[in-house]
Every structure is written in C-alpha cells, then in structure tokens.
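So you can see what is in the structure, the chains are spelled out below.
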Amino acid sequence: MSVSFILDRGKYFSSENPFLRTKSLSCLPPFGMNENELSWHELVSKKEEFLHILRILNHYYEMRGETKSKQFGFRRLLADSDPNSVQIFFAKIGPFEYQVACRILPNEETETWIHVDGIAEERERLRQIGNTEHPVFSLVCLGDLFSISVPTLLSI
C-alpha cells in the first residue's frame, strides 16, 4: 500500500479553484502517523457519488498535466470501476480533511490519499455570512458521504 499526500512546502495543494484551498498542516496528525490509530469508516452506499467526485478531480489533474504518477493511474482505474467492485474507507483527520483509502476488488490493490473537502469548507463559510441559497449546497461532498459511512474494525 502506498500513502501519498498532496503537499506544497508544508501546505496542501492550492490553486485558483475555490474548492481547493491551501490548508496548514498544523491541524492534521503528524506525518508518518500510524494509520491503525485512525478511526476508519466504510462507505457502503452511494459509492457512485464518490466515484463521480473522483472523476471530477481526475479531470482537474488531467487539465494540469498531473497524470504520470502511479496513484493517478490507480485513481483513474478506480473512477472507471463498477461501484460494486470497490471498497471505500474514510478517516476524518481535521474539520474538512479526510484520509481516503480505496481498494479495487478482486486484486485488492489499495491506495490512500488526503482529501480536503473544499465543498464543505465553502458551505461553512457561506453559512457564516448567512448565504444558504448558494448552489454549493446542492453538491455532494466527501463530508456528506462520510456522514453516511459506517464504522469499521478493518485495519487499512
């Protein structure tokens, strides 16, 4: 299993995209934290929504020319997989940050990465200024999927 992080000099990847904000790592577990210490949840329904999010992110990375990594190949294969042939796990590691672990069956190849939920973060910002009519509230985000996932005793 490989673990990868989207980092840029101690911060999460940032871009012009308002949903991909720069986040300080100070609110996250220390690098190299034992993954067994995380509280994992499995997404057992609405896997199609997760794969849709992944396809959108993959398209973004393709536009940026970031397609040469082994992880990107895995994520492309995962996004094109039958939802019934994948396992999706999340561990919440910050207010809008999740460690994601996915497995494609039957070969059980697994990859993990950090996902910053920019949609949920933007919802929170808009709620604080009293705007609850924005279209961002109609989008499915990782936080929505985490809220319906079920705790698992599996060790990732």
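Right, let's get into the packing of aromatic side chains. As enumerated under the stated definition, the model contains 4 aromatic pairs in all. Considering the side-chain rings of Tyr60 and Tyr61, the 5.6 Å spacing of their centres and the 65° angle between planes classify their relative orientation as edge-to-face. With respect to burial, Tyr60 and Tyr61 carry one shared label: buried. A ring pair is formed by Tyr98 and Phe146, whose centres lie 5.3 Å apart and whose planes are at 50°; its orientation type is tilted. One end of the pair, Tyr98, is in strand β4 (residues 97-104); the other, Phe146, is in helix α4 (residues 142-148), and 48 residues separate them in sequence. Judged by relative accessible area, which is 3%, Tyr98 ranks as buried.

This part takes up the pattern of salt bridges. In this structure the tally under the stated criterion is 6 salt bridges. Arg76 is the salt-bridge partner of Glu62, the closest N and O atoms lying 3.3 Å from each other. Here the residue Glu62 occupies a position in helix α1 (residues 47-63), and Arg76 occupies one in helix α2 (residues 70-79), the gap between them amounting to 14 residues. By relative accessible area, which is 37% here, Glu62 ends up partly exposed. Judged by relative accessible area, Arg76 falls into the partly exposed class, the value being 37%. Asp144 is paired through a salt bridge with Arg123; the nearest N and O atoms lie 2.9 Å apart. Here Asp144 is found in helix α4, whereas its partner Arg123 is found in helix α3 (residues 118-128), with 21 residues between them in sequence.

Glancing now at the side chain of Ser149. Within the fold, Ser149 resides in the loop between α4 and β6 (150-151). Here Ser149 falls in the buried class, since its relative accessible area comes to 8%. Reaching out from Ser149, the side chain makes a polar contact with the backbone oxygen of Phe146 at a distance of 2.6 Å. When neighbours within four sequence positions are excluded, Ser149 is seen to be in contact with His41, Glu42, Leu43 and Phe90.

Taken residue by residue, α2 has Gln71, Phe72, Phe74, Arg75, Leu78 and Ala79 as its buried positions. Considered in projection along α2, the buried side chains sweep an arc of 160° and stay on one side of the axis.

Here is what the cut-offs are and how they apply
Residues numbered from 1 in each chain as written. Predicted model: local features only at pLDDT ≥ 70, side-chain atom pairs only at ≥ 80, totals over all residues. Heavy atoms only, no water. Phe/Tyr/Trp six-rings, centres within 6.5 Å; stacked < 30°, edge-to-face > 60°. Buried < 20%, exposed > 50% of the residue type's maximum accessible area, 1.4 Å probe, protein only. Helix = DSSP H or I, 4+ residues; strand = E, 2+ residues; numbered from the N terminus. Salt bridge = Lys/Arg side-chain N within 4 Å of Asp/Glu carboxyl O. Polar contact = N/O pair within 3.5 Å; in protein donor to acceptor, adjacent residues only side chain to side chain. Contact = heavy atoms within 4.5 Å. Arc of directions from axis to C-beta.

By themselves, these observations are geometric and do not establish any function.
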